[in-house]
Structure formats: C-alpha cells, structure tokens
Amino acid sequence: MKINKYIFLSLFLIPAALFSQIQTGAEQPALYLPQLLNKKVALVVNQTSIVGENKVHLLDTLSGLNITITKVFAPEHGFRGDADAGEWIKNNRDVKTGVPIISLYGKNKKPLPEQLSDVDVIIFDIQDVGARFYTYISTLQYVMEACAENNKKLIVLDRPNPNDFVDGPVLELSQQSFVGMHPIPVLHGLTVGELAMMINGEGWLPGKKECSLLVIKTRNWKHGQKYSLPIKPSPNLPNDQSIALYPSLCFFEATQVSVGRGTYFPFQVIGAPDKKYGDFSFTPKSLPGFAKNPLQENKVCYGIDLREIKTDGGLTLTYLLDFYKKSGLKEKFFSSPSFMDKLAGTSSLRKQIIAGKTEGEIRESWQADLKKYKEKRKKYLLYQDY
C-alpha cells in the first residue's frame, strides 16, 4: 500500500494551537492510521463523519490516503443523512468514490458474515446525541455483535456527547427494541466509545462475547462540557436547540402531538390541531430534507414555540405533562402506548402520567435505578468531569 508520505506525515504533525481545541477521534489520524495499513477497511459512517474545519468526509480522507475501503455501512437516515426517520435505506454506491454502501436500516440491521468476508477492520464514526432512543447506538450494538461473531476488529472514533446528562428511567429488558437496546437511562451520559466499552464490559453481546475494540478518544473535551455540533446529526435535529430539547420532546412521537416535523424548526415547537394547546400556530408540510410525510400534515397546529426558550439541556417532563392535562384524553392521549413504553424503556412512565403523578413523584421513582447505573457508568468513563 502506498500513501503519500507528505500527506501522511502532515497528519501526524498537529499544530500547537490545536492542543487547546476539541479534536474528535477522527481528527487524530496518528492514533488510528497505523491500524489500517495493509488492511481492508469498512466504515460505519454518515454525514457527521467529518474531519477538520473543512468538514472533509472520513471516507474521502481515507480514500485520499490510499487506505483500502471495501464498503460503507449506513445507519438510519442513510450515508448522507437525508432520509426520513423510519425510512428504509437502500443499498447503492458512493458517487464520488464508487465504494458500495450497504444499509443497516431496513431488513438488515446487522452486517452479515458474507458482507464482512473482505473486511479486516471496521471503523465506527458517527455523532450521537446522548439519548437512548437515538438509533445510531443501536447500530453500534449490531456492529459489535457482527465483529465479535466474525473475529473483526472495531475502531470507534469518539466524539463528544452534546446531551451529557444522566437522567430518566432505566430501560427494562422487556421493552428492548431498536429505539432502546441497553439497560441505560434515557440520557446515558456516555460517549459512543464509552458505551461500546460498557457493552463489552457488561456482557451485553449475545453469549457474553467480547468485540475486539479500540476507542480513539476525543482530545480536550470533558464530561459536562458544552459541545456544539458542526453538522446536523439527522434531518430533524438542525441546531443546538433542537438537540437539547430532543430527549424531552421525543415522547410526543407516541402521541398525535406534532413536534414540528415538516417545519424548519423541528423539535423546537409542539402542537396539535386544537386551540386548547396554545396560541402559537404552525402547519406541518411535506418538506424535503426534513420530513416527507409529517404528522398532522397540512393541518394548523396550536401549541407553544420553544425556539427562544433558555435551556441547559437535560430531561424535563414539563411539556409532556402539560399537554397531557390540556388534552383531556386520559389514556387515549398516547395513541401508541406500546411505542411510548419503548421510548421510555418502561410502561411505568405512561401509567404514572395517567395516574396523575407529578414530575417530582415520577422522578423520585427513577432514583434507585439511576444510582446503580451511575456506579456502573464510572467503570467506563474515558473523560474527566468538566
């Protein structure tokens, strides 16, 4: 394998100014390029897999260094991150490099043995948002399973967690699904690399197998430190405000209340076609790049505008409880009770809301499990507290 030695050496020479800046795992090639020489490499990547201020895609970066990339595995929303939530992704080829792209969202959520026959190493480099129901970490689970079963090495190029909190109910295994695969809280307070270590360490792979794992840490970031994403992680999380509100508003996806899909401000507004929900109004439309068939499409929704509300992130039930009370629908407020339970990771939250419990009472019921989880989490932390 030939690599342009001048490009290769320049990647090892980090300017002094960068020692005080956050550098993702992908931006530290000196730590992972030696693992790729003379290897056949597969990438699990999407539009967030960028390197440097010029936002060069990792696929283009590695291809330019003559690293042999045999294929790309794409998660929910696809390789370019423009598919709707829940939309099946088809296999195709990258126009620029000609590398085959295999979907891991649809029929096949786990790399098959035959798809790994020409692979030595898999790189996972996707920006997560720290919420259990964000499915990129479910894809991580399946990739780790495939690596363990087929004796392949996995390299996780780590990135900061923009919702770096520990909060919410811990998932009960009876509620396991693609929107919640691990017994962790809604906000798990881990990076993808730390979660990968936890999956290995806690025996969460089938048969308690372990995946051969290398995590390339983010430099100059600590737990609790704010981090603004340089590119939107999925079609309906376009900015920091939507990412901060996402963990609290995602529960509405199990109701008929719109979270603004089909607008230019998704996960920053909530409303439904009834004026009892508020004075602010918006109308979801089919909107390429955001949502093709949004809930309450072409209907005027009334509710509240959260675009300017100050938030420090974390999880709040304030909006969910407020809309539940205003609805007057009682248990029918949850149009999909089973999906609500999967998002929450437990049926208890839905039942507590219907029973009229306060947020304080509901939060108190989480504390014993959260305390146990926090102790478990300590074993896998790679970054100091801010």
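Residues numbered from 1 in each chain as written. Predicted model: local features only at pLDDT ≥ 70, side-chain atom pairs only at ≥ 80, totals over all residues. Heavy atoms only, no water.

## Regarding the sheet that holds strand 6 (residues 100-103)
A sheet is described by the order of its strands in space; here seven strands give the open sequence 5-6-4-1-7-8-11, paired in mixed fashion. The open sheet terminates on both sides in strands that have one partner only, identified here as strand 5 (92-93) and strand 11 (212-216). In this fold helix 3 (residues 136-150) packs onto strand 1 (40-45), strand 7 (121-125) and strand 8 (153-157), with an angle of close to 155° to the strand it touches most, strand 8. Lying on the sheet, helix 4 (residues 192-201) is in contact with strand 7, strand 8 and strand 11; it crosses strand 11 at an angle near 155°. (Pairing = 2+ DSSP bridges. Helix = DSSP H or I, 4+ residues; strand = E, 2+ residues; numbered from the N terminus. Contact = heavy atoms within 4.5 Å. Axes fitted to C-alpha atoms, helices over the stretch in contact; angles between N-to-C directions.)

## Here we look at the side chain of Thr346
Within the secondary structure, Thr346 sits in the loop between helix 7 (337-344) and helix 8 (348-354). Its relative accessible area of 4% is what places Thr346 among the buried residues. Polar contacts involving the side chain of Thr346 include one to the main-chain amide nitrogen of Ser348, which spans 3.0 Å. With near-sequence residues (within four places) excluded, Thr346 lies in contact with Pro169, Glu172, Gln175 and Asp341. (Buried < 20%, exposed > 50% of the residue type's maximum accessible area, 1.4 Å probe, protein only. Polar contact = N/O pair within 3.5 Å; in protein donor to acceptor, adjacent residues only side chain to side chain.)

## Some words on the side chain of Asp125
Structurally, Asp125 can be placed in strand 7. Ignoring sequence-local partners within four residues, the contact set of Asp125 consists of Ala26, Val44, Val45, Asn46, Ser49, Ile50, Leu58, Leu157 and Arg159.

## Looking at empty space enclosed by the protein
Within the structure shown, the criterion is met by one cavity of 30 Å³ or more. Quantified by volume, the largest cavity comes out at close to 40 Å³. Contributing to the lining of the largest cavity are Ile126, Gln127, Asp128, Asp158, Arg159, Pro160, Asn161, Leu190, Thr191 and Val192. Taken together, the residues of the lining of the largest cavity sort by class into four nonpolar, three polar and three charged. (1 Å grid on protein atoms, 1.4 Å probe; cavity = no way out; pocket = protein on both sides within 12 Å on 5 of 7 lines; lining within 4 Å. Points joined across faces, edges and corners; volume = space filled by probe spheres on them. Nonpolar A, V, L, I, M, F, W, Y, C, P; charged D, E, K, R; others polar.)

## Quick notes on the pattern of salt bridges
Oppositely charged side chains are able to pair whenever their charged atoms sit close together. Enumeration according to the criterion identifies 13 salt bridges in this entry. Between Lys379 and Glu202 there is a salt bridge; the shortest N-O distance is 3.0 Å. Taken as a pair, Lys379 in the segment after helix 10 (367-378) and Glu202 in the loop between helix 4 and strand 11 lie far apart in primary sequence, 177 residues in all. Connected through shared salt-bridge partners, Lys110, Glu145 and Glu149 make up one network. (Salt bridge = Lys/Arg side-chain N within 4 Å of Asp/Glu carboxyl O.)

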